[in-house]
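# Understanding the architecture of this molecule
These are the residues of each chain, in order.
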Amino acid sequence: MSTKYKATSTEEAYFITITTVGWIDVFTRLNQKYILINALQHCQQNKGLEIYAYCIMSSHIHLLCKATNGFILSDVMRDFKKFTSKKIIQTIIEEPESRREWMLEYFQKACVNLKREQEYKVWRDGYHAEIVETNWFIKQKINYIHNNPVKEKIVTLPEDYYFSSARNYSSFENDLDVIILDLF
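Structural notes, computed from the coordinates. (Residues numbered from 1 in each chain as written. Predicted model: local features only at pLDDT ≥ 70, side-chain atom pairs only at ≥ 80, totals over all residues. Heavy atoms only, no water.)

### Details of helix α1 (residues 30-46)
Test applied: Each helix corresponds to a stretch of at least 4 residues labelled H or I by DSSP, and each strand to a stretch of at least 2 residues labelled E; elements are numbered beginning at the N terminus. By this rule the span expected of a helix is its residue count minus one, scaled by 1.5 Å. Throughout, exposure labels follow a simple rule: accessible area from a 1.4 Å probe, protein chains only, divided by the maximum for the residue type, with under 20% read as buried, over 50% as exposed, and the rest as partly exposed. In this description, contact between two residues means that some pair of their heavy atoms is separated by no more than 4.5 Å.
An ideal rise of 1.5 Å per residue puts 24 Å on 17 residues; α1 measures up with 24 Å between its terminal C-alpha atoms. Inspection of α1 places Gln32, Lys33, Ile35, Leu36, Ile37, Ala39, Leu40 and Cys43 among the buried residues, and these make up the whole buried set. Along its buried surface, α1 packs onto β2 (49-56), β3 (60-67) and α2 (73-94). Positive phi shows up at Gly48, right after α1, with a value of about 65°.

Take a look at the structure:
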């Protein structure tokens, strides 16, 4: 498997995008968004994940982050995807979800050509990771992350989107703490 867009080094920051299979809009429900928030909090507390910026969109998540304390970011992302995938499926099955049947069917069909035995596939294989090397890149990616909901016309201002670190950078209440970078 190619490592071109993988977080293979340690102690370096990356801009990461993780996407659902078929770009399925899984994260339109609060319960599904909180699966991601809770899993990210767990990774911060137990897996050395430092998050500088994030945004949860309906079918993907953007992160500007790095692994610390000897953890490897690719391992953290693998564990994050594995755990959240199981929780997402469990939530679809157990909680009210009008799209239950077609979502489960889609996630099952996504497993057809897999070499490993798996019942459901929520996330696309791998993730897109770009190493952070300059302050310009950091600023550009934070702006991109924070303006994603504006571009999609979900909100008018980045800080109005609750599931984004734009709120942290604007000193607004948020459920996920991030490390604020003073680059602006």
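### Let's talk about the packing of α1 against α2
Heads up, the rule is: With axes taken as lines fitted to C-alpha atoms, and helix axes fitted only over the stretch in contact, angles between N-to-C directions fall between 0 and 180 degrees. Any angle that falls under 35 degrees is termed roughly parallel, while one over 145 is termed roughly antiparallel, one within 65 to 115 roughly perpendicular, and all others oblique. For any pair of crossing helices, the crossing counts as left-handed if the nearer helix is rotated counterclockwise from the farther one by less than a right angle, and right-handed if it is rotated clockwise. The nonpolar class holds Ala, Val, Leu, Ile, Met, Phe, Trp, Tyr, Cys and Pro. Asp, Glu, Lys and Arg form the charged class, and all remaining residues, Gly among them, are polar.
Viewed as axis vectors pointing N to C, α1 and α2 meet at an angle of 150°, and their least axial separation amounts to 10 Å. Classified by the interaxial angle, the pair formed by α1 and α2 is roughly antiparallel. The chirality of how α1 crosses α2 is right-handed. Between α1 and α2, the contacting residues are Asn31, Gln32, Ile35, Leu36, Ala39, Leu40 and Cys43 on the first element and Val76, Phe80, Phe83, Thr84, Lys87, Ile88, Thr91 and Ile92 on the second. Of the residues that constitute the contact of α1 with α2, the class distribution is 10 nonpolar, four polar and one charged.

### Looking at the sheet that holds β3
Filter applied, for reference: Each pair of strands is called paired provided DSSP finds at least two bridges between the two strands.
Taken together, the four strands give an open sheet; going across it, the order is β2-β3-β1-β4, and neighbouring strands pair in antiparallel fashion. Of all the strands in the sheet, just β2 and β4 (128-131) have a single pairing partner and so form its edges. Each strand axis lies, on average, 20° off the axis of its neighbour in the sheet, ignoring direction. Two elements, β2 and β3, share seven bridges in a ladder whose sense is antiparallel. Its bridge partner being in β3, Ala53 is matched across the sheet by Leu64. Where α2 meets the sheet, its contacts fall on β1 (14-19), β2 and β3, and the angle it forms with β1 comes to roughly 25°.

### Quick look at helix α3 (residues 100-109)
Put simply, the rule is: Note: the arc covers the axis-to-C-beta directions of the helix.
Among the residues making up α3, those that are buried are Met103, Leu104 and Phe107. On an axial view of α3, the arc spanned by its buried residues comes to 95°, and they lie on one face. Seen from the open side of α3, the exposed residues pointing more than 90 degrees away from its buried face are Glu101 and Lys109. Looking at the packing, one finds that the buried side of α3 touches α2.

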